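# Structural characterization, general
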Amino acid sequence: MEFDSYFIVFLISGTNHSSLGQAELEALQAKHLAHLGKLHEEGYALVAGPFGEQTDESWRGLVIFRGDLSREKVLELANNDPAVEAGRLRVEAVRWYCEKNYVAFPKS
């Protein structure tokens, strides 16, 4: 059996829980979403989104990156997220394998 691989980056609550004002939180969220959009536009990230109904609220979402990237590149891209830089999120990256041609991420 042949496999494709992808990097799954989990976005987890960070350690910086400083009391930012609502306007600052909204600005940081806008920068976070813009960063994810840029990763998608540049072809690095295939899909991203938040979690819901998770049992551990610290698990916030995920980003799936192309598997032909190096782990170092994926971590660089993920750690450049303004929310990660601010300490509001942290990342965990794993390589995920699935049967070749089984999963598709078509652009709309």
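To be clear, the structure that these remarks concern was listed above.
A brief structural summary. (Residues numbered from 1 in each chain as written. Predicted model: local features only at pLDDT ≥ 70, side-chain atom pairs only at ≥ 80, totals over all residues. Heavy atoms only, no water.)

### Some details on a nonpolar patch on the surface
Going by this rule: Patch membership needs two things, relative accessible area over 30% and no salt bridge, and members are linked within 9 Å if like-charged or within 5 Å if nonpolar (Val, Leu, Ile, Met, Phe, Trp, Tyr). Accessible areas in this description were obtained via Shrake-Rupley with a 1.4 Å probe; residue shielding takes into account the shown protein chains only. Within this document, salt bridges are pairs made up of a side-chain nitrogen of Lys or Arg and a carboxyl oxygen of Asp or Glu, the two lying within 4 Å of each other. Strands here are runs of E lasting at least two residues and helices are runs of H or I lasting at least four, both read from the DSSP assignment and numbered beginning at the N terminus. For every residue, the accessible area (1.4 Å probe, protein chains only) is compared with the maximum for its type, and the residue is labelled buried under 20%, exposed over 50%, or partly exposed between those bounds.
A contiguous nonpolar patch, built from Met 1, Phe 3 and Tyr 97 and spanning about 420 Å² of accessible area, is present on the exposed surface. In this fold, Met 1 is placed in the segment before β1 (3-13). Met 1 sits in the exposed class, given a relative accessible area of 75%.

### Let's talk about the side chain of Asp 4
Heads up, the rule is: We call two N or O atoms a polar contact when they sit within 3.5 Å, provided that within protein one can donate a hydrogen and the other can accept it, with sequence-adjacent residues counted only if both atoms are side-chain atoms.
For Asp 4, the position within the fold is in strand β1. Judged by relative accessible area, which is 16%, Asp 4 ranks as buried. Within the structure, the side chain of Asp 4 is placed 2.9 Å from the backbone nitrogen of Asn 101, a separation counted as a polar contact.

### Observations concerning the packing of aromatic side chains
For clarity, the threshold we go by: When the centres of two rings from Phe, Tyr and Trp lie within 6.5 Å, Trp using its six-membered ring, the rings pair. Their planes under 30 degrees apart give stacked, over 60 give edge-to-face, and anything left gives tilted.
Tallied over the full model, the rule gives three aromatic pairs. Seen from their ring centres, Phe 10 and Trp 59 are 5.1 Å apart, and the 70° between their planes marks the pair as edge-to-face. In this pair, Phe 10 sits in strand β1 while Trp 59 sits in strand β3 (residues 59-66), placing the two residues 49 residues apart along the sequence.

### Considering the pattern of salt bridges
Where charged atoms of side chains with opposite charge meet at close range, the side chains can pair. Per the stated rule, a full pass over the model turns up six salt bridges. For Asp 4, the salt bridge goes to Lys 100, with nearest N and O atoms at 3.2 Å. Of this pair, Asp 4 sits in strand β1 while Lys 100 sits in the segment after β4 (89-99), placing them 96 residues apart in sequence. Classification of Lys 100 by relative accessible area gives partly exposed; the value is 36%. The salt bridge partner of Glu 76 is Lys 73, with a shortest N-O separation of 3.7 Å. In this pair, Glu 76 and Lys 73 are both assigned in helix α2 (residues 71-79), three residues apart and thus about one turn of the helix distant. By relative accessible area, Lys 73 is classed as partly exposed at 27%.

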